[in-house]
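In case you want the letters, here they are:
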Amino acid sequence: MKVFAVAVPHTEALQSVYCRLTFRAASERRRFESKESFRGLPMAGDLMREYDLARAAEHPGEQEAPLADRLAIGYTTDPMVLSTRALEVLMPRIGADVQLVPVRFEEGDFWAINVTRVIDALDVERSSIERFPSSGRVSRVLRHVFRASLLEDRFIFKIPQAPSRSFVTDGFVSLVHEAGLTGFAFDEVWSESASTAT
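Residues numbered from 1 in each chain as written. Predicted model: local features only at pLDDT ≥ 70, side-chain atom pairs only at ≥ 80, totals over all residues. Heavy atoms only, no water.

Draft legend 1. Representation of the nonpolar core. Counting residues in hydrophobic clusters, the biggest one holds 21 residues, and the most contacted among them are Leu90, Ile156, Phe172, Phe184 and Phe186. Those elements that provide at least two residues to this core are strand S1 (2–7), helix H2 (84–94), strand S7 (110–115) and helix H3 (170–179). Residues Leu21, Phe23, Phe38 and Leu53 belong to the second largest nonpolar core, which totals 18 residues. (Core = buried A, V, L, I, M, F, W, Y, C linked by side-chain atoms within 4.5 Å. Buried < 20%, exposed > 50% of the residue type's maximum accessible area, 1.4 Å probe, protein only. Helix = DSSP H or I, 4+ residues; strand = E, 2+ residues; numbered from the N terminus.)

Draft legend 2. Region of interest: the sheet that holds strand S4 (residues 70–73). Around the barrel, six strands lie side by side as S2-S3-S6-S7-S5-S4; this closed barrel has mixed pairing. For this sheet, the mean angle separating the axes of adjacent strands, direction not counted, is 45°. Sheet topology note: the strand S5 (residues 81–83)/S7 ladder contains three bridges and is antiparallel. Bridge pairing in S7 links Ser83 to Phe110. (Pairing = 2+ DSSP bridges. Axes fitted to C-alpha atoms, helices over the stretch in contact; angles between N-to-C directions.)

Draft legend 3. Representation of the pairing of S1 in the model. Of all six residues in S1, five are buried; the element is thus mostly enclosed. In the sheet, S1 pairs with strand S12 (residues 185–191) via six bridges, with the strands oriented antiparallel. Across the sheet, Ala7 pairs through a bridge with Ala185, a residue of S12. Bridge analysis of S1 against strand S11 (residues 167–169) gives three bridges, and the strand direction is antiparallel.

Draft legend 4. The arrangement of H2 in detail. Taken together, the buried positions of H2 are Ala86, Leu87, Leu90 and Ile94. The buried residues of H2 all sit within an arc of 95° when viewed along its axis, so they share a single face. Facing away from the buried side of H2 by over 90 degrees, the exposed positions are Glu88 and Pro92. Buried residues along H2 sit against S5, strand S6 (98–104), S7, strand S10 (156–157) and H3. (Arc of directions from axis to C-beta. Contact = heavy atoms within 4.5 Å.)

Draft legend 5. Seen up close, the environment of Leu41. Along the chain, the position of Leu41 falls in the loop between helix H1 (26–32) and strand S3 (51–55). C-alpha of Leu41 to C-alpha of Thr116: the two residues are 75 residues apart in sequence and 5.2 Å apart in space. In this view, Leu41 contacts Gln99, Asn114 and Thr116; residues no more than four positions away in its chain are not counted.

Here you go:
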(Lines give C-alpha, C1' and ligand atoms only; values in the text may rest on other atoms or scores of the structure.)
Protein backbone atom coordinates (compact mmCIF):
# COMPACT_ATOMS: atom_id res chain seq x y z
CA MET A 1 0.00 0.00 0.00
CA LYS A 2 1.04 3.57 -0.71
CA VAL A 3 -0.33 6.91 0.45
CA PHE A 4 -0.14 10.10 -1.61
CA ALA A 5 -0.82 13.79 -1.18
CA VAL A 6 -2.67 15.28 -4.14
CA ALA A 7 -0.55 17.93 -5.86
CA VAL A 8 -1.11 20.47 -8.61
CA PRO A 9 0.56 19.66 -11.98
CA HIS A 10 2.93 22.50 -12.82
CA THR A 11 5.74 23.45 -15.17
CA GLU A 12 9.40 23.82 -14.21
CA ALA A 13 8.63 27.51 -13.69
CA LEU A 14 5.99 26.41 -11.14
CA GLN A 15 3.12 27.63 -13.29
CA SER A 16 0.04 25.47 -13.41
CA VAL A 17 -0.33 23.25 -16.48
CA TYR A 18 -4.11 23.49 -16.34
CA CYS A 19 -6.66 26.20 -15.65
CA ARG A 20 -6.57 27.46 -12.04
CA LEU A 21 -9.60 28.90 -10.33
CA THR A 22 -10.08 31.95 -8.17
CA PHE A 23 -13.00 33.54 -6.34
CA ARG A 24 -15.09 36.22 -7.96
CA ALA A 25 -15.46 38.07 -4.63
CA ALA A 26 -13.39 38.44 -1.45
CA SER A 27 -16.43 37.37 0.60
CA GLU A 28 -16.36 34.02 -1.23
CA ARG A 29 -12.71 33.53 -0.27
CA ARG A 30 -13.43 34.34 3.40
CA ARG A 31 -16.26 31.80 3.47
CA PHE A 32 -14.05 29.22 1.79
CA GLU A 33 -11.19 29.82 4.24
CA SER A 34 -13.40 29.58 7.33
CA LYS A 35 -12.07 27.28 10.04
CA GLU A 36 -15.20 25.15 9.59
CA SER A 37 -14.61 24.64 5.84
CA PHE A 38 -13.02 21.52 4.39
CA ARG A 39 -11.55 20.33 7.70
CA GLY A 40 -12.88 16.77 7.80
CA LEU A 41 -16.39 17.52 9.08
CA PRO A 42 -19.60 17.81 7.07
CA MET A 43 -20.37 21.41 6.15
CA ALA A 44 -23.79 23.02 6.43
CA GLY A 45 -25.62 26.33 6.16
CA ASP A 46 -23.79 29.24 4.54
CA LEU A 47 -20.69 27.10 3.96
CA MET A 48 -22.73 24.96 1.53
CA ARG A 49 -23.94 27.93 -0.51
CA GLU A 50 -22.59 27.75 -4.07
CA TYR A 51 -19.05 29.15 -4.44
CA ASP A 52 -18.68 31.50 -7.41
CA LEU A 53 -15.43 30.76 -9.26
CA ALA A 54 -13.62 32.09 -12.32
CA ARG A 55 -10.33 31.47 -14.11
CA ALA A 56 -7.24 32.79 -12.37
CA ALA A 57 -5.24 35.18 -14.53
CA GLU A 58 -2.14 36.11 -12.53
CA HIS A 59 0.39 34.81 -15.06
CA PRO A 60 0.76 35.15 -18.85
CA GLY A 61 -1.14 32.46 -20.71
CA GLU A 62 -3.36 31.41 -17.82
CA GLN A 63 -6.51 32.54 -19.61
CA GLU A 64 -5.74 30.00 -22.35
CA ALA A 65 -4.77 27.11 -20.03
CA PRO A 66 -6.84 24.00 -20.73
CA LEU A 67 -9.54 22.69 -18.45
CA ALA A 68 -8.93 19.40 -16.63
CA ASP A 69 -10.99 16.89 -14.68
CA ARG A 70 -9.45 18.20 -11.48
CA LEU A 71 -8.95 21.94 -10.99
CA ALA A 72 -7.23 23.77 -8.16
CA ILE A 73 -8.45 26.88 -6.42
CA GLY A 74 -5.44 29.19 -6.49
CA TYR A 75 -2.40 27.21 -5.41
CA THR A 76 -4.21 25.10 -2.84
CA THR A 77 -4.26 21.34 -3.19
CA ASP A 78 -7.37 20.85 -1.07
CA PRO A 79 -10.23 20.80 -1.74
CA MET A 80 -10.22 19.25 -5.17
CA VAL A 81 -12.66 20.69 -7.69
CA LEU A 82 -13.79 17.81 -9.91
CA SER A 83 -15.56 17.53 -13.23
CA THR A 84 -18.71 15.45 -13.57
CA ARG A 85 -16.60 12.97 -15.55
CA ALA A 86 -14.20 12.58 -12.62
CA LEU A 87 -17.11 12.19 -10.21
CA GLU A 88 -18.63 9.42 -12.34
CA VAL A 89 -15.34 7.51 -12.03
CA LEU A 90 -14.53 8.24 -8.39
CA MET A 91 -17.83 8.53 -6.50
CA PRO A 92 -18.63 4.80 -6.52
CA ARG A 93 -15.47 4.34 -4.41
CA ILE A 94 -15.28 7.59 -2.42
CA GLY A 95 -18.96 8.60 -2.14
CA ALA A 96 -19.26 7.56 1.51
CA ASP A 97 -16.12 9.52 2.40
CA VAL A 98 -16.84 12.90 0.83
CA GLN A 99 -19.45 15.64 0.65
CA LEU A 100 -20.14 17.37 -2.66
CA VAL A 101 -19.98 21.16 -2.37
CA PRO A 102 -21.58 23.23 -5.16
CA VAL A 103 -19.48 25.62 -7.22
CA ARG A 104 -20.47 27.90 -10.09
CA PHE A 105 -17.98 27.99 -12.97
CA GLU A 106 -19.25 29.19 -16.32
CA GLU A 107 -16.98 26.92 -18.36
CA GLY A 108 -18.28 23.58 -17.11
CA ASP A 109 -19.99 21.47 -14.46
CA PHE A 110 -17.71 21.03 -11.46
CA TRP A 111 -18.10 20.26 -7.76
CA ALA A 112 -15.70 20.70 -4.86
CA ILE A 113 -15.29 17.71 -2.59
CA ASN A 114 -15.13 18.00 1.17
CA VAL A 115 -13.40 14.90 2.54
CA THR A 116 -15.26 13.83 5.67
CA ARG A 117 -13.55 10.51 6.35
CA VAL A 118 -11.05 11.18 9.14
CA ILE A 119 -8.96 8.18 10.15
CA ASP A 120 -6.49 8.22 13.03
CA ALA A 121 -4.06 6.19 10.92
CA LEU A 122 -0.87 8.22 11.42
CA ASP A 123 1.67 6.33 13.52
CA VAL A 124 2.69 9.35 15.60
CA GLU A 125 5.56 7.53 17.30
CA ARG A 126 7.24 6.56 14.03
CA SER A 127 6.40 9.70 12.04
CA SER A 128 8.48 12.86 12.16
CA ILE A 129 6.34 15.69 13.52
CA GLU A 130 6.88 19.35 14.38
CA ARG A 131 4.76 20.73 17.22
CA PHE A 132 3.88 24.23 18.39
CA PRO A 133 5.99 24.89 21.53
CA SER A 134 3.15 26.70 23.30
CA SER A 135 0.43 24.06 22.93
CA GLY A 136 2.14 20.88 21.81
CA ARG A 137 -0.30 20.63 18.91
CA VAL A 138 1.00 19.33 15.58
CA SER A 139 2.20 22.17 13.33
CA ARG A 140 3.23 19.89 10.47
CA VAL A 141 4.16 16.32 9.65
CA LEU A 142 7.62 16.09 8.09
CA ARG A 143 7.61 12.32 7.49
CA HIS A 144 4.46 10.21 7.47
CA VAL A 145 4.20 6.64 8.71
CA PHE A 146 0.72 5.13 8.50
CA ARG A 147 -0.90 2.08 10.08
CA ALA A 148 -1.84 0.17 6.94
CA SER A 149 -4.48 -1.97 8.66
CA LEU A 150 -6.60 1.16 9.21
CA LEU A 151 -6.48 2.10 5.53
CA GLU A 152 -7.59 -1.17 3.95
CA ASP A 153 -10.25 -0.59 1.29
CA ARG A 154 -9.91 3.20 1.67
CA PHE A 155 -9.35 5.53 -1.26
CA ILE A 156 -9.40 9.01 0.30
CA PHE A 157 -9.12 10.27 3.88
CA LYS A 158 -7.85 12.90 6.28
CA ILE A 159 -5.98 12.53 9.54
CA PRO A 160 -6.82 14.40 12.77
CA GLN A 161 -3.28 15.77 13.03
CA ALA A 162 -3.64 17.66 9.70
CA PRO A 163 -7.36 18.10 8.94
CA SER A 164 -6.81 20.64 6.17
CA ARG A 165 -5.01 18.11 3.94
CA SER A 166 -6.46 15.13 2.09
CA PHE A 167 -4.61 11.92 1.34
CA VAL A 168 -5.34 9.20 -1.20
CA THR A 169 -4.19 5.60 -1.49
CA ASP A 170 -2.81 3.78 -4.50
CA GLY A 171 -6.35 2.54 -5.23
CA PHE A 172 -7.44 6.14 -5.90
CA VAL A 173 -4.38 6.78 -8.06
CA SER A 174 -5.13 3.65 -10.10
CA LEU A 175 -8.72 4.80 -10.71
CA VAL A 176 -7.47 8.17 -11.97
CA HIS A 177 -4.86 6.65 -14.29
CA GLU A 178 -7.10 3.89 -15.65
CA ALA A 179 -9.83 6.41 -16.53
CA GLY A 180 -7.36 8.89 -18.05
CA LEU A 181 -8.50 11.69 -15.75
CA THR A 182 -6.51 14.90 -16.17
CA GLY A 183 -5.30 17.55 -13.73
CA PHE A 184 -4.07 15.18 -11.04
CA ALA A 185 -0.54 14.92 -9.70
CA PHE A 186 0.43 12.79 -6.73
CA ASP A 187 3.29 13.09 -4.25
CA GLU A 188 4.03 9.81 -2.51
CA VAL A 189 4.28 10.41 1.25
CA TRP A 190 4.42 6.81 2.47
CA SER A 191 4.98 3.27 1.22
CA GLU A 192 4.16 0.22 3.30
CA SER A 193 7.04 -1.73 1.75
CA ALA A 194 9.57 0.99 2.63
CA SER A 195 8.12 1.26 6.12
CA THR A 196 8.38 -2.46 6.86
CA ALA A 197 11.92 -2.57 5.49
CA THR A 198 13.14 -0.08 8.13
